[in-house]
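# Geometric and topological summary
Single-letter residue listing:
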Amino acid sequence: MHFTSERRLDDGVLEREFTLGEIPGILWTPGAPAAPAPLILLSPPPLGLRQTYPRLVARARQAAADGFATATIELPGSGSRPRLPGAEQAVTDLRRALDAGERVSDEVIDALVLPLVDQAVPEWQTTLDALLALPEIGGPVGYSGGVISIGIRLAVVDPRISAAVLFAGSYVPRAMFEEARQVSIPLHVLLQWDDEGNDRQAALNLFDAFGSKEKTLNANMGGHTGVPQFAGDAAAQFFTRHLR
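In short, a report on the structure. Keep in mind the model is a prediction, meaning the values are calculated, not measured. (Residues numbered from 1 in each chain as written. Predicted model: local features only at pLDDT ≥ 70, side-chain atom pairs only at ≥ 80, totals over all residues. Heavy atoms only, no water.)

### Re the overall build of the protein
Along the protein, the regular secondary structure elements total 7 helices and 9 strands. Expected size for 244 residues packed as a compact globule is a radius of gyration near 18 Å; at 17 Å, the protein falls within 12% of this value. With 244 residues in all, the protein has 50% of them scored as buried. Put simply, of all contacts in the protein between residues at least 6 apart along the chain, 68% involve residues at least 24 apart. Entry remark: accessible area of the protein is about 11200 Å², with carbon and sulfur atoms responsible for 53%. Distance between charge centres in the protein, computed from 21 positive and 29 negative side chains, equals 3 Å. (Helix = DSSP H or I, 4+ residues; strand = E, 2+ residues; numbered from the N terminus. Rg over C-alpha atoms; globule rule 2.2 N^0.38 Å. Buried < 20%, exposed > 50% of the residue type's maximum accessible area, 1.4 Å probe, protein only. Contact = heavy atoms within 4.5 Å. Areas by Shrake-Rupley, 256 points an atom, 1.4 Å probe, with all protein chains shown as cover. Lys, Arg positive; Asp, Glu negative; His and termini not counted. Charge placed at Lys NZ, Arg CZ, Asp CG, Glu CD.)

### Structural notes on helix α7 (residues 229-243)
A rise of 1.5 Å per residue sets the reference length of α7, with its 15 residues, at 21 Å; its end C-alpha atoms lie 21 Å apart and thus fit the reference within 8%. Next to the buried residues of α7 lie β4 (37-43), α1 (49-65), β6 (137-145), β7 (161-167), β8 (187-192) and β9 (215-220). (Expected span 1.5 Å × (residues − 1).)

### Focus: the sheet that holds β8
Spatially, the 9 strands line up as an open sheet ordered β1-β2-β3-β5-β4-β6-β7-β8-β9, and their pairing is mixed. The sheet is open, and its two borders are formed by β1 (2-8) and β9, each paired with just one other strand. Taking the axes of each pair of neighbouring strands and ignoring which way they run, one obtains an average angle of 20 degrees across the sheet. Where β8 meets β9, 6 bridges bridge the pair, whose relative direction is parallel. By the bridge assignment for β9, L190 is matched with N218. Against the sheet, α1 engages β1, β2 (14-20), β3 (23-29), β4, β5 (69-73), β6 and β7, with an angle of about 25 degrees to β3. In the packing of helix α3 (residues 106-132) onto the sheet, contacts are made with β2, β3, β4, β5, β6 and β7, and the angle to β4 comes to roughly 155 degrees. (Pairing = 2+ DSSP bridges. Axes fitted to C-alpha atoms, helices over the stretch in contact; angles between N-to-C directions.)

### Some words on the nonpolar core
By size, the foremost hydrophobic cluster in this structure holds 52 residues, and its most contacted members are L39, L41, Y143, I150 and F210. With 10 residues, α3 is the single largest residue contributor to this core. Excluding residues within four positions of it along the chain, F210 makes contact with I148, I152, L166, A180, V183, L187, V189 and K215. Within the second largest apolar cluster, 22 residues are counted, among which are V13, L42, F68 and A235. (Core = buried A, V, L, I, M, F, W, Y, C linked by side-chain atoms within 4.5 Å.)

### Comments concerning the side chain of R81
Mapped onto the fold, R81 is located in the loop between β5 and α2 (87-99). Setting aside residues up to four positions removed in sequence, R81 forms contacts with E22, I23, P24, E74, L75, P76, Q119 and E123.

### Details of the packing of aromatic side chains
Following the criterion strictly, the structure yields 2 aromatic pairs and no others. Here F3 and F18 contribute two aromatic rings whose centre-to-centre distance is 6.4 Å and whose plane-to-plane angle is 80 degrees, an arrangement assigned as edge-to-face. Within this pair, whereas F3 is found in strand β1, its partner F18 is found in strand β2, the two being separated by 15 residues in sequence. A cation over an aromatic ring shows up here: K215 above the ring of F207, its NZ or CZ 5.1 Å from the ring centre. Against the face of F68 rests R244, its NZ or CZ located 5.6 Å from the ring centre. (Phe/Tyr/Trp six-rings, centres within 6.5 Å; stacked < 30°, edge-to-face > 60°. Lys NZ or Arg CZ within 6 Å of the ring centre and 35° of its normal.)

### Some details on the side chain of Q192
Residue position: Q192 is located in strand β8. The exposure class of Q192 is buried, given its relative accessible area of 5%. A distance of 3.5 Å separates a polar side-chain atom of Q192 from the backbone oxygen of M221. With residues near it in sequence (within four places) discarded, Q192 still touches N220, M221, G222, G223, H224, G226, V227 and P228. (Polar contact = N/O pair within 3.5 Å; in protein donor to acceptor, adjacent residues only side chain to side chain.)

In structure tokens form, the structure reads like this:
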């Protein structure tokens, strides 16, 4: 892990950009930690870190106030990273179906999401290896973010993830429902009831499929980016309960 920049935010949070091989990322740590901080992985939507930075840093600052370090990485195919094979055609097919008012086919969803999951999850694990080697970072580890399929896979394959906040609102391949049944960690799922790009029933079916004995669905009225502050506060309380 190579740190490329460092700055102190006005609330004392230390923000450091890094690269890990070809993977760019950002690490935020509390201003004056008394001990190695628990870690939350902030997974962004596949829109590029620069575009989503305001939302990510707001979540990082809230987490730092609760005593957590947070980190994010640029997802495969996002930002300046090379596009994933077949992704552009999958996006074209997705938009064509939406513009025509048609149901997005399972084949298009698989082509759009599964290659991203297959590459992103090992990258998150490599990043986690590097982060946990830093003296200022300790366990346990939580995961928070969109592209819910990435969170599902990571929760299944990496035992270091102790709890997760998952954002419903992305398309979910059929195969991920079976993986969801293998998830056993505590979950807090955020669902925007009027999300214009979300299949609400699919999101409810996925929540039902999760194998976790402790799982909470926090559903609120509003569109994709309209998550109310109190819902974010509830997610923060979830992490405080399970990671501290």
